[in-house]
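# Results of the structural survey
Residue strings, one per chain:
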Amino acid sequence: MTKLLKVHGSQNSFFILDQTELENPLTDNELRQLTQTLTDHKTGLLGGADGILSVEESRHPGALGKMRVINTDGSEASMCGNGLRTVARYLHEKTGESQFKVETMYADLAVRQADDFAEGVPAFGVEISPVRFNKESLPFDNLGHDRLLDTLVPELVPGWRFSALAVPNPHLIAFIKEEDLESPVLGELGAYLNGENPYFSDGVNINYTVIRGDSQLFVRTYERGVGFTNACGTGMSASSLAFALTHPDLGHFEKEISVYNPGGMVKTVLHQKDHGYWIELIGNATETHTIEIPEDQLHSGQVKLEAVKTKETGEQAAYLAFVDQLTK
Ligand SMILES: N[C@@H](CCC[C@H](N)C(=O)O)C(=O)O
């Protein structure tokens, strides 16, 4: 039997699969197939999820493991901020270390155990970097600009200003009004830019961001490879940096920014380093279920749900109580 975990950061949910514990690691095809099977929100396990986080061995100095991120549609993302917090917690519990690095597709990122957000709500801080603005990094094209920073882009939505950042996965940020949060335009633009289109050939995560005051944001994200999610950690980090660069009177470096989202709240802290930027993303790392699946079913992608054993950890009640007090 192989043990998996169902986890979330701001209710952006994942299954953690530690491939170092398998007799035979999955091939990339098997991992893609398994993700599509388990994460489907209608037919998947425990109501599905927003992806699988595959934990693998790292040989990089200081890194206790490697995280790979597979979106629900089977595509692989270079980073996942909410997911990295849960992998940090997993590796912390496995090794006893509280501060270490995790290898990701493009960078070895620093992670640390942070103060609990509330009783029963463990939290971790993770590095989000590298940050790039050039159009080749996302990539985007045919928009008449080499970078977007609070730029009018009539090709996308007339009258709306966009910023584009790779952290290193690609993000578009639009600062919008509170009353536009439920507009159908949000989903339409998300679906358009993540299908065949002349601008973002690899798709893009889109963060619709409302400024709620000094150091306060609300972000709703349409994620590449998934659709609307409860939260996107790299998206909230990218939005925080765009906020400070475009609204320096309200968004500040080296000071916590509270970022609310449909699934809860995280904190971000912006840093400048060597003419560049990095962001610390701090938030919950909640384990909701332990799961046991026969290893052969993971390889075949034909998981028989009746052969799977699941057990609630009880952490979700504490998390929901935390979210409840945010709104009071
Ligand atoms: N939810 C994640 C981002 C996951 C990857 C994204 N869908 C992509 O394709 O870039 C986060 O918390 O950062």
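Residues numbered from 1 in each chain as written. Predicted model: local features only at pLDDT ≥ 70, side-chain atom pairs only at ≥ 80, totals over all residues. Heavy atoms only, no water.

## Examining the site of the ligand
Close to the ligand lie 14 residues, the nearest being Asn12, Gly81, Glu223, Gly233 and Thr234. Glycine 81 places a polar main-chain atom, nitrogen or oxygen, 2.8 Å from an oxygen atom of the ligand. The fraction of the free accessible surface of the ligand (360 Å²) that becomes covered by protein chains is 100%. In terms of residue class, the shell around the ligand is made up of 4 nonpolar, 8 polar and 2 charged. (Near = heavy atom within 4 Å. Polar contact = N/O pair within 3.5 Å; in protein donor to acceptor, adjacent residues only side chain to side chain. Areas by Shrake-Rupley, 256 points an atom, 1.4 Å probe, with all protein chains shown as cover. Nonpolar A, V, L, I, M, F, W, Y, C, P; charged D, E, K, R; others polar.)

## A word on the UniProt feature "binding site: substrate" (unreviewed entry) in the protein
Per the UniProt record, the feature "binding site: substrate" (unreviewed entry) sits at Asn12, Asn71, Gly81, Asn82, Asn169, Asn205, Glu223, Arg224, Gly233 and Thr234. Position of asparagine 82 among the secondary structure elements: in helix α2 (residues 81–95). Structurally, glycine 233 can be placed in helix α4 (residues 233–246). Take glycine 233: its relative accessible area is 2%, and that puts it in the buried class. (UniProt positions renumbered as here; feature names shortened; annotations may be inferred. Helix = DSSP H or I, 4+ residues; strand = E, 2+ residues; numbered from the N terminus. Buried < 20%, exposed > 50% of the residue type's maximum accessible area, 1.4 Å probe, protein only.)

## Comments concerning the packing of aromatic side chains
Pairs of aromatic rings are described using the distance from one ring centre to the other and the angle between the two planes. Summed over all chains, the structure comprises 8 aromatic pairs. Here the aromatic rings of tyrosine 319 and phenylalanine 322 are separated by 5.6 Å at their centres, their planes lie at 55 degrees, and the arrangement is tilted. Of the two residues, tyrosine 319 and phenylalanine 322 both sit in helix α6 (residues 315–326), 3 residues apart, roughly one turn of that helix. By the burial criterion, tyrosine 319 is buried, and phenylalanine 322 matches it. Every member of this aromatic cluster is reached through a ring pair, and the members are Phe117, Tyr319 and Phe322. Positioned above the aromatic ring of phenylalanine 228 is the side chain of arginine 220, whose terminal nitrogen or guanidinium carbon lies 3.9 Å from the ring centre. Between the NZ or CZ atom of lysine 267 and the centre of the ring of phenylalanine 117, over which it lies, the distance is 5.2 Å. (Phe/Tyr/Trp six-rings, centres within 6.5 Å; stacked < 30°, edge-to-face > 60°. Lys NZ or Arg CZ within 6 Å of the ring centre and 35° of its normal.)

## Remarks on helix α3 (residues 184–193)
When we look at burial in α3, the residues that qualify are Leu186, Leu189, Gly190 and Leu193. In a view along the axis of α3, the buried residues occupy a sector of 100 degrees, so they form one face of it. Residues of α3 that are exposed and angled more than 90 degrees away from the buried face: Pro184 and Glu188. Buried residues in α3 make contact with β10 (161–166), β11 (170–175), β12 (205–213), β13 (216–223) and β14 (227–229). (Arc of directions from axis to C-beta. Contact = heavy atoms within 4.5 Å.)

## Side note on the UniProt feature "active site" (unreviewed entry) in the protein
According to UniProt, the feature "active site" (unreviewed entry) maps to Cys80 and Cys232 in the numbering used here. In sequence the annotated residues extend across 153 residues, while in space they remain close, none of their C-alpha pairs exceeding 7.6 Å. Looking at the secondary structure, you find cysteine 80 in the loop between β5 (76–77) and α2. By relative accessible area, cysteine 80 is classed as buried at 7%. Once you skip the residues sitting within four places of it in the chain, cysteine 80 turns out to touch Phe14, Met67, Val69 and Thr234. Taking relative accessible area as the criterion, cysteine 232 reaches 4% and is therefore assigned buried.

## Quick look at the domain arrangement of the protein
Split into domains, the protein comes out as domain 1 (2–129 + 285–326) and domain 2 (135–274). Each partner contributes to the interface: domain 1 provides 22 residues, whereas domain 2 provides 22 residues. Carbon and sulfur atoms supply 55% of the area buried between domain 1 and domain 2, which totals about 1600 Å² over both sides. Between domain 1 and domain 2 we count 10 residue pairs in polar contact (both at pLDDT 80 or more) in total. Broken down by secondary-structure element, the contributors of at least two residues to the side of domain 1 that touches domain 2 are α2 and α6. Residue composition of the side of domain 1 that touches domain 2, grouped by class: 9 nonpolar, 10 polar and 3 charged. (Domains from an automatic or database assignment. Buried area = accessible area lost by both parts, 1.4 Å probe.)

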